[in-house]
Amino acid sequence: MSTARYRALVAVAQHGSLSAAARALGLSQPTISSQIATLERQSRVDLFHRQGYRMTLTTAGARLFTLAQRLLSVESETEFFLRDAGELRQGELNLGAVGPFHVIEMVAAYHALYPGMRLSIRMGNSQQVLRDLENYTTDVAVLAGLHEHPDLMALEYAQHAVILFAHVDHPLARRSEVDITELNGQLLLMRERGSTTRATMEAALAQARVTPRTALEIGSREAIREAVVRGLGLGVVSEAEFIPGPLLRPIRIKGDPASTTTYVYCMRARSESVLIGSFLASIQRLR
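Residues numbered from 1 in each chain as written. Predicted model: local features only at pLDDT ≥ 70, side-chain atom pairs only at ≥ 80, totals over all residues. Heavy atoms only, no water.

Chemist: Could you give an account of empty space enclosed by the protein, naming the residues involved and the relevant values?
Modeler: Tallied over the entire structure, the rule returns three cavities of 30 Å³ or more. The calculated volume of the largest cavity comes to roughly 130 Å³. Lining the largest cavity are 15 residues, with Val-98, Phe-101, His-102, Glu-241 and Thr-262 sitting closest to its centre. Counting only elements with at least two residues in the lining of the largest cavity, the list comes to helix 5 (100–113), strand 5 (140–144) and strand 12 (259–267). Of the residues belonging to the lining of the largest cavity, the class tally is seven nonpolar, six polar and two charged. Here the second largest cavity is characterised by a volume of approximately 100 Å³. Forming the walls of the second largest cavity are Phe-101, Phe-165, Arg-221, Glu-222, Ile-224, Arg-225, Val-236, Val-237, Glu-241, Phe-242 and Ile-243. Those elements that place two or more of their residues in the lining of the second largest cavity are helix 8 (221–229) and strand 10 (234–238). The residue makeup of the lining of the second largest cavity, split by class, is seven nonpolar, no polar and four charged. (1 Å grid on protein atoms, 1.4 Å probe; cavity = no way out; pocket = protein on both sides within 12 Å on 5 of 7 lines; lining within 4 Å. Points joined across faces, edges and corners; volume = space filled by probe spheres on them. Helix = DSSP H or I, 4+ residues; strand = E, 2+ residues; numbered from the N terminus. Nonpolar A, V, L, I, M, F, W, Y, C, P; charged D, E, K, R; others polar.)

Right, dumping it as structure tokens:
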């Protein structure tokens, strides 16, 4: 039987609907629906409870889900073993990342050692990047923050302070450093909820009992930068991600009360892979 059907079952179970599973696998919703229907017809049992668009595993479905995960893991490891059996003179390494700031330097270091390897980078938010890794769409993931899961192995790569940046006309732009208490009542431009930078900054503000104004919530670093350029408030960013400009001034927070840590992730089951091992070894000199 085609493993594509098991891959569809795993995706629907993980994402909770046919449409979300189809997006995750890059397939059409009718294709996913057909694959699930075929599995249920052949097994003669219902694998999912259906509540509108939401789908949850039945008892039989949960048992098959566990077996399907094992099957897909073995299939992927077989492919990876065959691909890794050579000397990495040619092949492909797929990376996932939430931003370009560290992953580009990693790619440069790897390419210098293995110029024959083809590299690709898939950008997304943390949930998307982890999902690609768990689905074996990518080999390695680069994310800010520690995401603990028994199936994941994480290697700490770098730590950076969270800083502010302001338009040159902002009153605080004349300062290279401010105390966190001075942010009380200041308008901060924050990323969406789920952002590691936002979470660490909010924790530092709560610890200092500081209440800024956060009237704007912006979904990308680029959009926050543009909003600061237009004088809409203070930006909050990891120091490594700050992009200088003639209208912008970086401002450090005294004592660096908030920081982010970048980690490199792989599936624990693949940690002995020649391919992944070669990548992790190539970035050791950058740390």
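Chemist: If you had to explain a nonpolar patch on the surface to someone new, which residues and values would you point to?
Modeler: A contiguous nonpolar surface patch, about 250 Å² in accessible area, is contributed by Ile-104, Ile-121 and Met-123. In this structure Met-123 comes out as partly exposed when scored by relative accessible area, which is 45%. (Patch = residues over 30% accessible without salt bridge, like charges linked within 9 Å, V, L, I, M, F, W, Y side chains within 5 Å. Areas by Shrake-Rupley, 256 points an atom, 1.4 Å probe, with all protein chains shown as cover. Salt bridge = Lys/Arg side-chain N within 4 Å of Asp/Glu carboxyl O. Buried < 20%, exposed > 50% of the residue type's maximum accessible area, 1.4 Å probe, protein only.)

Chemist: How would you summarise the layout of surface pockets if you had to cite specific residues and measurements?
Modeler: The calculated volume of the largest pocket comes to roughly 430 Å³. As for the largest pocket, its lining consists of 19 residues, and the residues nearest its centre are Gln-14, Gln-69, Glu-134, Asp-151 and Met-267. Elements represented by at least two residues in the lining of the largest pocket include exactly helix 1 (3–15) and helix 4 (59–84). The element best represented in the lining of the largest pocket is helix 4, accounting for six residues. Class assignment for the residues of the lining of the largest pocket results in eight nonpolar, six polar and five charged. The volume enclosed by the second largest pocket comes to roughly 360 Å³. Along the wall of the second largest pocket there are 18 residues; nearest its centre are Asn-125, Ser-126, Arg-191, Glu-192 and Ser-195. Elements supplying a minimum of two residues to the lining of the second largest pocket: helix 6 (126–134), helix 7 (196–207) and helix 8. Classifying every residue of the lining of the second largest pocket gives two nonpolar, 10 polar and six charged.

Chemist: Describe the environment of Met-153, listing the residues and the values that go with them.
Modeler: Relative to the elements of secondary structure, Met-153 occurs in strand 6 (residues 152–167). Through-space distance from the C-alpha of Met-153 to that of Leu-248 is 38 Å; in sequence the pair is 95 residues apart. Here Met-153 is in contact with Val-264, Tyr-265, Cys-266, Arg-268, Ser-271 and Leu-280, once residues within four sequence places are set aside. (Contact = heavy atoms within 4.5 Å.)

Chemist: Kindly report on the packing of helix 2 (residues 18–25) against helix 3 (residues 29–43), identifying the contributing residues and their values.
Modeler: Remark: helix 2 packs on helix 3, axes separated minimally by 8 Å, with the N-to-C direction vectors making an angle of 110°. Put simply, helix 2 runs roughly perpendicular to helix 3. On helix 3, the residues that touch Leu-18, Ser-19, Ala-21, Ala-22 and Leu-25 of helix 2 are Gln-29, Ile-32, Ser-33 and Ile-36. When grouped by side-chain class, the residues that make up the contact of helix 2 with helix 3 number six nonpolar, three polar and no charged. (Axes fitted to C-alpha atoms, helices over the stretch in contact; angles between N-to-C directions. Parallel < 35°, antiparallel > 145°, perpendicular 65-115°, else oblique.)

Chemist: Describe in detail the packing of helix 1 against helix 2, supporting the description with residues and values.
Modeler: Relative to each other, helix 1 and helix 2 sit at 120°, their axes nearing to 8 Å. Of the possible angle classes, the one that applies to helix 1 and helix 2 is oblique. In the crossing of helix 1 with helix 2, the sense of the turn from one axis to the other is right-handed. Facing helix 1, whose interface residues are Arg-7, Ala-8, Ala-11, Val-12 and His-15, helix 2 presents Leu-18, Ala-20, Ala-21, Ala-24 and Leu-25. (Left-handed = near helix turned anticlockwise from the far one by under 90°.)

Chemist: Can you break down helix 5 residue by residue, with the values?
Modeler: Taking 1.5 Å per residue as the helical rise, helix 5 with its 14 residues ought to reach 20 Å, and the 20 Å between its terminal C-alpha atoms agrees with that figure. Those residues of helix 5 not exposed but buried are His-102, Val-103, Met-106, Val-107, Ala-109 and Tyr-110. Seen from one end, helix 5 has its buried residues packed into an arc of 165°, which puts them on one side. Its buried side turned inward, helix 5 meets strand 3 (91–97), strand 4 (117–123), strand 5, strand 6, strand 12 and helix 9 (274–283). (Expected span 1.5 Å × (residues − 1). Arc of directions from axis to C-beta.)

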